[in-house]
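These are the residues of each chain, in order.
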Amino acid sequence: MTTTVLYGTRVTEVPDAATDRDRLWLSFADFEKATGWERKPQGLCLGETCVPIPAGKHWIDERAERIDLAAFAGYLGQSAVADAANGVWGFGPATSPAVLLSAEAPDFTLPDLDGKMHTLADYRGKKVLLYSWASW
Amino acid sequence: MDVAGAAVVREFIRPATVGDTPQEILDLMGWDAELAERAGMPTYPCLIDREHVVAELYGIVNVPTAVWIDEAGRIVRPPEPAGMGDGFRAMNTTTFEMPAEAAADNKRRRRIYVDALRDWIAKGVRSEHALAPEEIQRRMAGPTRREALADAHFRVGAHLHRRGRPDAARPHLEEAVRLRPESWSFRRQAIVLSDPALTGQVAATTDITMRRSR
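These numbers were taken from a predicted model, which means no experiment stands behind them. (Residues numbered from 1 in each chain as written. Chains lettered and ligands numbered in written order. Predicted model: local features only at pLDDT ≥ 70, side-chain atom pairs only at ≥ 80, totals over all residues.)

Engineer: Can you tell me about the nonpolar core, naming the residues and giving the values?
Structural biologist: Among the nonpolar cores identified, the biggest contains 40 residues, and A:L26 and A:L69 are the most heavily contacted of them. Residue contributions to this core peak at eight residues, all from helix α8 (residues 145-162) of chain B. If near-sequence neighbours (up to four positions away) are discounted, A:L69 is found in contact with A:V5, A:L24, A:L26, A:F31, A:A34 and A:T35. In terms of nonpolar packing, the next biggest core, distinct from the first, is built from 19 residues, B:V54, B:A66, B:A82 and B:I136 among them. (Core = buried A, V, L, I, M, F, W, Y, C linked by C-beta atoms within 7 Å. Buried ≥ 20, exposed ≤ 12 C-beta atoms within 10 Å, placed from the backbone. Helix = DSSP H or I, 4+ residues; strand = E, 2+ residues; numbered from the N terminus. Contact = placed C-beta atoms within 7 Å.)

Following this line, the structure appears as structure tokens:
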């Protein structure tokens, strides 16, 4: 059964994920595709942010070249919801977000009504009023 | 995600209708007639956030919420109600009429907010309304585990709904609302997804409950 992984804004279909209750084993390639985290000499990195892989962790299996995403997310303080019947795993935000470390506004890229993409960081040099409203 | 909502925006929000703003809308928004007259099509980018990305990144649980970001990309005011009070609670949910006192309070809150915003635009970091980084960090404590779990459920529910499986989506959306009852963003989205006919009609009343699909 194909497993759908919802991580950040990514929606990834993984044909051969090994799931077992609260474990979600992905090949290294699928893990990187599904999450954006990459394996580097210094640990696992998302852009400039790297976390070391603690020794003796059972959620990374170098021999089988796979990683348990559910456990890794737990290590980052992210919540996971597994819907086994529907083959969907969803991950929530980390409980200690990066914004706590600085007052820098988290960046995002979203489309306008015409589909043109806008990135917050492109507005550096100007004051920004980020105003949220809804269409309901 | 809220495709039906976007369609409603396209269909109903047109420049031609702006001059016909009814008194109920003025009262709710804290606008006076002159301000409503000046309304036009926005000249700033209006972005569509189907996945509630910004809400999750910034911890936004209701609208209207605003964040002030300075020229260097630093937050100087964290997410907070943008000049709105809870005067809508006094609104008659059938006629949408609001008692004069509540309408006046909405107007007052809006004026204070806009004045503060203008003060920051003029004075920048010297404005008393621009907060220090330590204060921003204090106010923007990260989500609790319960809130993060609610986000994960919401995400799974929204995904299943998009895939045309509303029955599989419903328990996740309900769980998200149960875990984070203060999130009107979740609540409204869940209501609209379970009953698309309600799109555009979901007022911010306190007596809305989740409805089963009919």
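Engineer: An account of unusual backbone geometry is needed here, citing residue identities and associated values.
Structural biologist: The residue after B:V63, namely B:P64, is reached through a cis peptide bond having omega -5 degrees. Note that B:P64 resides in the loop between α5 (53-58) and β1 (65-69). A positive phi angle, close to 55 degrees, is found at A:E65, a residue other than glycine. Relative to the elements of secondary structure, A:E65 occurs in the loop between β8 (60-61) and β9 (66-68). Even without glycine at this site, B:H52 takes up a positive phi of about 60 degrees. Residue position: B:H52 is located in the loop between α4 (33-38) and α5.

Engineer: Quick one: what's the story with the interface of chain A and chain B, residue by residue and with numbers?
Structural biologist: How big an interface is tends to be stated in terms of accessible area lost as the parts join. Listed as interface residues are 44 residues of chain A and, on the opposing side, 58 residues of chain B. Elements supplying a minimum of two residues to the side of chain A that touches chain B: β1 (3-7), β10 (78-83), β11 (88-94), β12 (109-111) and β14 (128-132) of chain A. Within the side of chain A that touches chain B, the residues separate by chemical class into 25 nonpolar, 13 polar and six charged. With five bridges joining them, β14(A) and β1(B) adopt antiparallel strand pairing. Bridge pairing in β1(B) links A:L130 to B:V67. (Nonpolar A, V, L, I, M, F, W, Y, C, P; charged D, E, K, R; others polar. Pairing = 2+ DSSP bridges.)

Engineer: Account for the sheet that holds β1(B), naming residues and giving values.
Structural biologist: Pairing is antiparallel across the open sheet formed by three strands, whose spatial order is β14(A)-β1(B)-β2(B). Each edge of the open sheet carries a strand with a single partner, namely β14 of chain A together with β2 (75-81) of chain B. Between one strand axis and the next, the sheet turns through 10 degrees on average, direction left out of account. (Axes fitted to C-alpha atoms, helices over the stretch in contact; angles between N-to-C directions.)

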